[in-house]
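Here is what each chain is made of, one letter per residue.
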Amino acid sequence: MTLAAPDPMTMFGPDFPFAYDDWVRHPAGLGQLPKHRLGTPVAVVGGGISGLVAAYELMKLGLHPVLYEAGELGGRMRSIAFADHPDSVAELGAMRFPPSASTLFHYIGELGLRTRPFPNPLAACTPSTVIDLGGVVHHVRTAEELPTVYQEVADAWDKALQDRAELSSMEDAIRRRDVGVIKSIWNRLVTEMDDQSFYGFLAGSSAFESFRTREIFGQVGFGTGGWDTDFPNSILEILRVIYTHADDDQVSIVGGSQKVPSGLWTHEPENLVHWPAGTSLASLNSGAPRPSVTKMRRRADGIAIEDSTGTRLQFPATVFTPHVWTLLSQIDCSPELLSTQEWTAVERTHYMNSSKLFVLTDRPFWRDTDPRTGHDVMGMTLTDRSPRGVYLFDDGPDQPGVMCLSYTWNDDSSKLLTLDDSQRVAVLLRRLEAIYPGVDIASHIIGEPISITWEREPNFMGAFRANLPGHYRYQRRLFTHFMQDRLPADKRGLFLAGDDISWTAGWAEGAVQTALNAVWGVMHQFGGASDPTNPGPGDVFDEIAPVELPED
């Protein structure tokens, strides 16, 4: 007898378990607009994945998205080619995507992009993993080769999740898309754990009574690496990642993740409403987005936008996708754009810092065998030293290799903040020399390094939102903003989207989902509606809405 394959794991909930992937794939489409609304201009601020998905779907509905972008298309899906080797890229932002991001993969498939396994620590595609903790170095290929203490830490994490967070029950419910069970478990956990940090969750588990166990877990962790930089964040942020397998079986986009937003910009979808065949976002925007937004004002019949050239335009609806902190500093906003409660949620938004530094090498020399040990001379590295994570990418022995010499978060990112690229390389190579004595990494580096520190990028000011304990209520205000029938008439027409509006910040899937919420919101404002056979997120909102915690 052949057993049926288990249902696939997707990022379905748990806060708002709506099947976005089914909605965008349905043959009936997302909905229809009244004929007199076709061709109406709608502003979309921000050319990252959220802005491009929103604009793309609004175009398909027959509206005219007018895109604004302060930099270049892509946002934090930014792929930079090395100057002398354009086929080799550095992924400055998003670089690995889980198969559970099923709505994102709808667009990846529509664009015909290829993926390949990402070389995370201990992944099947990773030739060698090196763990350096407390000056002790281990070379392994599989988790089973790790010393017993690491196995015990992994078991402790699983026990904590089973005992305190009903891991197996939630995974099963998400696979089956059992909304009732998902809401029953998650609503209770939100009520009980909104005020608890990740570290507090660990410390409160009998499996993590030992400080040493918590320390090892923080430095080495599970899945993609150590999680100690997440320790101050809400445990709810972590559980969302674990429940939906966002950290598992990740892949990269061949040619760079920026191919997704840039592909949506030029793609000419079939069966367009209102627009002729061959229409794309690029053609509707005369080949380029408008420049950065500098001022936003609410008017009686819409949102007035001024850009960096001084041009002023007014729109009946605007989708805003950049980091919400830009509303506080980079853009001159009138207070009436949002309610007082919404402005408070924007102010309280907390962002994770992050830095990366990439170098190009003459070849993937790390695949050489060390004659003394029989190991590869280097491996994908997790360390408690300043590089923290070292990732190695190669396209074969005769091609240049790409090294992410360091991938860091929060305090670890800040340690390198004041250094220029050459100084960063020097510091990182000194630290790596202690792990790999005798390996002359510098001799293999060619060209100039490429780096990013997201907290000093003026249009971002951080890598992604990460809620602190007690922030659930703020997040709910931002996520539910697309349900504008609940707002006073003078607070409608501006729709917030982007990954920091989502429940899964830092994941492109969350950015896509909130973009689709905004599309439904605009369609609803203009008198349109989803097909009865394919209801949208706003149509079923009351049935699956995120739990509302008391505020008094």
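A few points on the structure. (Residues numbered from 1 in each chain as written. Predicted model: local features only at pLDDT ≥ 70, side-chain atom pairs only at ≥ 80, totals over all residues. Heavy atoms only, no water.)

## A few points about the sheet that holds strand β10 (residues 302–307)
Read from one edge of the open sheet, 4 strands run β11-β10-β9-β13, paired in mixed fashion. One side of each edge strand has no neighbouring strand; the edge strands of this open sheet are β11 (312–315) and β13 (332–333). Judged from the 6 bridges that link them, strand β9 (residues 293–299) and β10 form a sheet pairing that is antiparallel. In the sheet register, Arg299 faces β10, and the bridge partner there is Gly302. (Pairing = 2+ DSSP bridges. Helix = DSSP H or I, 4+ residues; strand = E, 2+ residues; numbered from the N terminus.)

## Some words on the packing of helix α2 (residues 49–61) against helix α10 (residues 259–266)
The geometry of α2 relative to α10 is characterised by a closest axis approach of 9 Å and an angle of 25° between their N-to-C directions. With respect to α10, the axis of α2 lies roughly parallel. Crossing of α2 over α10 shows left-handed handedness. Judged by residue contacts, Ile49, Leu52, Val53 and Tyr56 of α2 engage Val260, Pro261, Leu264 and Trp265 from α10. Class assignment for the residues of the contact of α2 with α10 results in 8 nonpolar, no polar and no charged. (Axes fitted to C-alpha atoms, helices over the stretch in contact; angles between N-to-C directions. Parallel < 35°, antiparallel > 145°, perpendicular 65-115°, else oblique. Left-handed = near helix turned anticlockwise from the far one by under 90°. Contact = heavy atoms within 4.5 Å. Nonpolar A, V, L, I, M, F, W, Y, C, P; charged D, E, K, R; others polar.)

## Some details on the sheet that holds strand β16 (residues 380–383)
Spatially, the 7 strands line up as an open sheet ordered β7-β6-β16-β17-β18-β15-β19, and their pairing is mixed. Sheet topology places β7 (136–140) and β19 (445–453) at the edges, where each strand pairs with a single neighbour. Each strand axis lies, on average, 15° off the axis of its neighbour in the sheet, ignoring direction. When strand β15 (residues 354–361) meets β19, the two strands line up antiparallel, connected through 6 bridges. Bridge pairing in β19 places Lys356 opposite Ile452. Docked against the sheet, helix α14 (residues 421–435) engages β6 (129–133), β7, β15, β16, β17 (389–394), β18 (401–409) and β19, running at close to 105° with respect to β19.

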